[in-house]
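Given next are the chains, with one letter for each unit.
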Amino acid sequence: AAVTSISGLNGLVTQKKTPIAIVKNLGQTALSSFDIEVTYDGNTFSESITGVNVASLDEVEVELTGEITLIAGSNDITATVKNVNGNASDDDGSNDTKTVTLDPIEPALHKRVLVEEATGTWCQWCPRGAVWMAIMEERYPDHFVGVAVHNGDPMTDAVYDDGLGNLIGGYPSSVVDRGPDIDPSAMEPDFLERVQLDPAGVLCESITYTAGANTMELSLQVVLLNDVTSDWKVAFVVTEDSVT
């Protein structure tokens, strides 16, 4: 047995990740069980894999349940296959271990990145945008702020739609921190670049509001972290999730 890859570990410093290892059978006897041992940041965990039937030259993808916490800097993670079919040693121990180097991005303190996606139910290409918004929300829940801005359907807010329409060239599109118009499939690189930039200010945790029949008054405080010399504004966006 050989470990040929370790994946599923891209992310930001302090995020928890579950490694995915690919084990390949380079022998002639089918693999029915083995252990995977993972070492990172001085910590080691091991998991037993049973009930598999990996034929000669086939491989199996193993999504481990143990978590690692990404740390700053360039550090190695190692996965080793052991106890293959209950045997203490492997026929060829030289390929039992796979090591990759992780160097996760360290987000700036207090930084959250706004991503606005231009979409509409009439747009047959727009599911691509919905998929990428969901991916980003799952990968970066503490730093990604996603807003789907609808056009030409019952979920349209005319003012918001008109404003974002001036920043894009078609549907679906997305803008990251009000930057250039990009395809939603390209939002992750822009996000990762922006999440490293120090914010000029931070919103206080307590946001108060008073809701009427068709109005809402909101109040918040912003603590400035740097000197502000240009014309700054605060934008409130009220979103609704899981609309059908």
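Before reading on, note that the structure itself is shown above.
Residues numbered from 1 in each chain as written. Predicted model: local features only at pLDDT ≥ 70, side-chain atom pairs only at ≥ 80, totals over all residues. Heavy atoms only, no water.

Caption draft 1: Representation of the sheet that holds strand β8 (residues 75-82) in the model. In spatial order, the strands read β5-β4-β8-β9; together these four strands make up an open sheet with antiparallel pairing. Where the open sheet ends on each side, the last strands, each with one partner, are β5 (43-54) and β9 (97-102). Along the sheet, successive strands turn relative to each other by an average axial angle of 20°, direction set aside. Of the strand pairs in this sheet, β8 and β9 are connected by six bridges, and their pairing is antiparallel. Within β9, the position partnered with T80 by the bridge is T97. (Pairing = 2+ DSSP bridges. Helix = DSSP H or I, 4+ residues; strand = E, 2+ residues; numbered from the N terminus. Axes fitted to C-alpha atoms, helices over the stretch in contact; angles between N-to-C directions.)

Caption draft 2: The sheet that holds strand β12 (residues 173-176), seen in detail. Pairing is mixed in the open sheet, where four strands are placed in the order β11-β10-β12-β13. Of all strands in the sheet, those bounded by a partner on one side alone are β11 (144-150) and β13 (181-182). With respect to the sheet, helix α2 (residues 158-165) is in contact with β10 (113-119), β11 and β12, its orientation differing from that of β11 by roughly 105°. Sheet strands touched by helix α3 (residues 187-194): β10, β11, β12 and β13. Its angle to β12, the strand with the most contacts, is close to 10°. (Contact = heavy atoms within 4.5 Å.)

Caption draft 3: How the structure looks around α3. Taken together, the buried positions of α3 are occupied by M187, E188, F191 and L192. Seen along its axis, α3 keeps its buried residues to an arc of 130°; they face one direction. Residues of α3 that are exposed and angled more than 90 degrees away from the buried face: P189 and E193. Residues of α3 that are buried sit in contact with β10, α1 (127-139), β11, β12 and β13. (Buried < 20%, exposed > 50% of the residue type's maximum accessible area, 1.4 Å probe, protein only. Arc of directions from axis to C-beta.)

Caption draft 4: Unusual backbone geometry, seen in detail. With an omega of -5°, the peptide bond between Y171 and P172 qualifies as cis. Summarising the element assignment, P172 is placed in the loop between α2 and β12. The phi dihedral of T14 is positive, around 85°, even though this residue is not glycine. On the basis of relative accessible area, T14 is assigned to the exposed category, the value being 58%. Not every positive phi belongs to a glycine, and H110 is a case in point at roughly 70°. Position of H110 relative to the elements: it lies in the loop between β9 and β10.

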